[in-house]
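# Remarks on the overall topology
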Amino acid sequence: MSIDRPRDVHGILRYATAPGSSSFTEFVAAAAPELLPGRTGNLGAAVPHGTTIVAAIFADGVVMAGDRRATAGNLIAQRDIEKVFATDDYSLVGIAGAAGIAVEIVRLYQVELEHYEKIEGTQLTLDGKANRLGTMIRGNLAEAMQGLAVVPLFAGFDLDAEDAANAGRIFSFDVTGGRYPEQYHHGVGSGSLFARGALKKLWRPGLSRDEIVRVVVEALYDAADDDAATGGPDLTRRIFPVVMTATSSGTERVPETELDTVVRAILADREARPGA
Amino acid sequence: MSIPFYASAEQIMRDRSEYARKGIARGRGVVVTTYADGVLFVAENASSALHKVSEIYDRIGFAGVGKYNEYENLRVAGIRLADLRGYSYDRRDVTARALANAYAQTLGSIFTEQQKPYEVEICVAEVGVGPDDDQMYRLTYDGTIVDEPEFLAMGGQADLLTNEMRAAFAPRLALREALAGAVHALGSVGGTNGAKRALPANQLEVAVLDRTRGKRKFRRITGPALSELLPDAEAAPAESGDTAPAGSVETAPTDTGATPEATPETTEQQPEA
């Protein structure tokens, strides 16, 4: 007849009986496991897949860009899907893989970071954020083995870095949750081979924001050039890649009007050099 | 020593109420008030790590007085409930009203079913799109829920504090004026022989739910930003010895000011039982 912490607790306190953990994912797994992504067991035959994401360091932090196409088999499932997200004030996630599960994992991850921040009163370190994402990807391993892999790219501005020039950092992951810090730039998804080739030629240390925006858009253009599952910029429908930056002043999405100018400049340059 | 075989329900509830009230009256006060851009929380709190005021969700804030471990427990439960709701439905489906109801149910059950009631009083506030849409709910140890339209004061000598706030409050004040009023009210109670106390920035925990902000409306005001907002007299460092030792929040019996018996029992509602 203990009265201090009964198991059949009252109302809202059943959400507070487990002491300790600040993890929202662990809490959902205990309180409402059916809400977790990838626990449905009902897998569609041809679910939409997302494709190319690139990230690169620049003078003020880090930039991430993703194309807008989702494919299901040989068909285009969506032309304007968004695959790059701000997960909190200083970090970005881009996703390649099964779109439905990937978007849900990002949504859970966003709550995870905010939940920790509210309960603990402080943000996770950038390495802590990357580790949490790795754990969540590992949780999706069973689905990955059935062809529903999700491979994110994580980038953020490290508030603990000694100087701002080295504060932008990039992490890649594999389906088992392995976490790999990347130098300078990286890409994931089916078109990433071509995008990374382009980045190797275009990227230089200490690029400004405007320069790096052009570099990543051009890398995605090259990926779309050679990979059928990556969408290029669509001037008739005004669909441009999603480009976001994370700097000391927070995350920011590059506006469409600016991307329009950048894309037109790239197209004009390519027109002058059709062999490029 | 004789063992009482029977105690009336009335007697039990009265004892529990008295017990909870004594615990709450031992601590320092918190003022929650509306102002032009939303809701302002001002707590007297010497600790910069153990908070009395917290963010719950995008538009919802929390303030608690009483026993730290108990209102901290309620705070964490509130964040978990809100995040779970927002994740399973939509962010806009998380409301202060639902959260306040959940708190009321819990506090009510604990009060009637457990031997020791929670020695807490909490406030759940939500900022709306306009000043008329702001909501503040006061929840007491027995699960009583009160919708406060303008301001509320909790903690030690809450009645005196409420009177001070009533004099200082005006609708839609600017942040600076609203903060000055709240800090003045907090400084007016708890001094030796009714003397006014100066509350410097390091004795205050201040936060706002600011409707002009982006997605997350809650913002703490600390350090230079707080000193700059405070009236000059209050911002000056206090040399008085009545500051609580660092780390003691609420429960330290050394807390100065109000003796438990000094708190009049006027405005607080009786339990429903």
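Residues numbered from 1 in each chain as written. Chains lettered and ligands numbered in written order. Predicted model: local features only at pLDDT ≥ 70, side-chain atom pairs only at ≥ 80, totals over all residues. Heavy atoms only, no water.

This paragraph deals with the interface of chain A and chain B. Contact with chain A, which involves 27 residues of that partner, is made by 32 residues of chain B. Across the chain A to chain B interface the summed buried area is about 2,600 Å²; carbon plus sulfur atoms make up 60%. Linking chain A to chain B there are four salt bridges. A salt bridge links D83 of chain B to K118 of chain A; its shortest N-O distance comes to 3.1 Å. At the boundary of chain A and chain B, one finds nine residue pairs in polar contact (both at pLDDT 80 or more). Elements that contribute at least two residues to the side of chain A that touches chain B include exactly α1 (24-31) and α2 (99-120) of chain A. Considering each element in turn, the side of chain A that touches chain B owes the most residues, nine residues, to α2 of chain A. (Contact = heavy atoms within 4.5 Å. Buried area = accessible area lost by both parts, 1.4 Å probe. Salt bridge = Lys/Arg side-chain N within 4 Å of Asp/Glu carboxyl O. Polar contact = N/O pair within 3.5 Å; in protein donor to acceptor, adjacent residues only side chain to side chain. Helix = DSSP H or I, 4+ residues; strand = E, 2+ residues; numbered from the N terminus.)

Further remarks concern the nonpolar core. Among the nonpolar cores identified, the biggest contains 60 residues, and F154 of chain A together with I56, L74 and Y103 of chain B are the most heavily contacted of them. With residues near it in sequence (within four places) discarded, L74 of chain B still touches L13 of chain A together with F62, Y103, L107, Y118, V120 and I122 of chain B. Counting 43 residues, the second largest nonpolar core, distinct from the first, contains M64, A167, W203 and V262 of chain A. (Core = buried A, V, L, I, M, F, W, Y, C linked by side-chain atoms within 4.5 Å. Buried < 20%, exposed > 50% of the residue type's maximum accessible area, 1.4 Å probe, protein only.)

Attention now moves to helix α4 (residues 158-168) of chain B. Because an α-helix packs 3.6 residues into every turn, residues spaced three or four apart end up facing the same way. All buried positions along α4 of chain B are accounted for by A158, D159, L161, T162 and M165 of chain B. Looking down the long axis of α4 of chain B, one finds its buried residues gathered within 155 degrees of arc, a one-sided arrangement. (Arc of directions from axis to C-beta.)

Trans peptide bonds make up the majority, and among non-glycine residues the majority have a negative phi. Here R238 of chain A, not a glycine, exhibits a phi torsion of approximately 55 degrees, which is positive. Relative to the helices and strands, R238 of chain A is located in the loop between α6 (209-226) and β12 (242-247). With a relative accessible area of 37%, R238 of chain A lands in the partly exposed category. The backbone of Q157 of chain B sits at a positive phi, close to 50 degrees, despite the residue not being glycine. Inspection of the secondary structure assignment puts Q157 of chain B in the loop between β8 (151-154) and α4. Classification of Q157 of chain B by relative accessible area gives buried; the value is 16%.

A word on the sheet that holds strand β3 (residues 53-57) of chain B. All names here are of chain B. Taken together, five strands build an open sheet; the order of strands is β3-β4-β5-β6-β7 and the sheet is antiparallel. With partners counted over all chains shown, the strands left at the sheet margins are β3 and β7 (145-147), one partner each. Recorded for the sheet is a direction-independent mean angle of 20 degrees between the axes of neighbouring strands. As paired elements, strand β6 (residues 135-139) and β7 share three bridges and run antiparallel to each other. Looking at the pairing, R138 lines up with V146 of β7. Across the sheet, helix α2 (residues 68-88) is in contact with β3, β4 (60-66) and β5 (120-126); its angle to β3 comes to roughly 20 degrees. (Pairing = 2+ DSSP bridges. Axes fitted to C-alpha atoms, helices over the stretch in contact; angles between N-to-C directions.)

With that settled, consider the confidence of the model for chain A. Across chain A, pLDDT averages 87, with 91% of residues at or above 70. The low-confidence segment residues 1-6 of chain A (pLDDT under 50) makes five contacts with residues lying over four places distant or belonging to another chain. (pLDDT = per-residue confidence, 0-100.)

Here the focus is helix α5 (residues 175-188) of chain B. Residues and elements named next belong to chain B. Between its first and last C-alpha, α5 extends 20 Å over 14 residues, near the 20 Å set by a 1.5 Å rise per residue. Across the 14 residues that make up α5, a large majority, 10, are buried. Those residues of α5 lying buried are L175, A178, L179, G181, A182, V183, A185, L186, G187 and S188. The first or second residue beyond α5 is G190, which carries a positive phi of 90 degrees. (Expected span 1.5 Å × (residues − 1).)

This part takes up the sheet that holds β8 of chain B. One key point about sheets: their strands pair by backbone hydrogen bonds, in either a parallel or an antiparallel sense. Residue and element names in this part refer to chain B. The five strands are arranged β8-β1-β2-β9-β10 in an open sheet whose pairing can be described as antiparallel. The open sheet terminates on both sides in strands that have one partner only, identified here as β8 and β10 (218-221). Neighbour-to-neighbour, the strand axes of this sheet turn through a mean angle of 15 degrees, independent of strand direction. One ladder, built from four bridges, connects strand β1 (residues 30-35) with β8; its direction is antiparallel. Across the sheet, V30 pairs through a bridge with M154, a residue of β8.

It is worth spelling out the pattern of salt bridges at this point. Within the structure shown, the criterion is met by 40 salt bridges over all chains. Between E82 of chain A and R253 of chain A there is a salt bridge, with its nearest N and O atoms 3.2 Å apart. Residue E82 of chain A is found in the loop between β5 (75-78) and β6 (84-88), and its partner R253 of chain A is found in strand β13 (residues 250-253); the two are separated by 171 residues along the sequence. Its relative accessible area of 32% is what places E82 of chain A among the partly exposed residues. For the salt bridge of E112 of chain A with R132 of chain A, the shortest nitrogen-to-oxygen distance reads 3.0 Å. Of this pair, E112 of chain A sits in helix α2 while R132 of chain A sits in helix α3 (residues 126-138); the two residues are 20 residues apart in sequence, bridging distant segments of the chain. The pair E112 of chain A / R132 of chain A is uniform in exposure class, with both members buried. What you see here is one network of salt bridges that share partners, running through E114 and K118 of chain A together with D58, D83, R91 and K215 of chain B.

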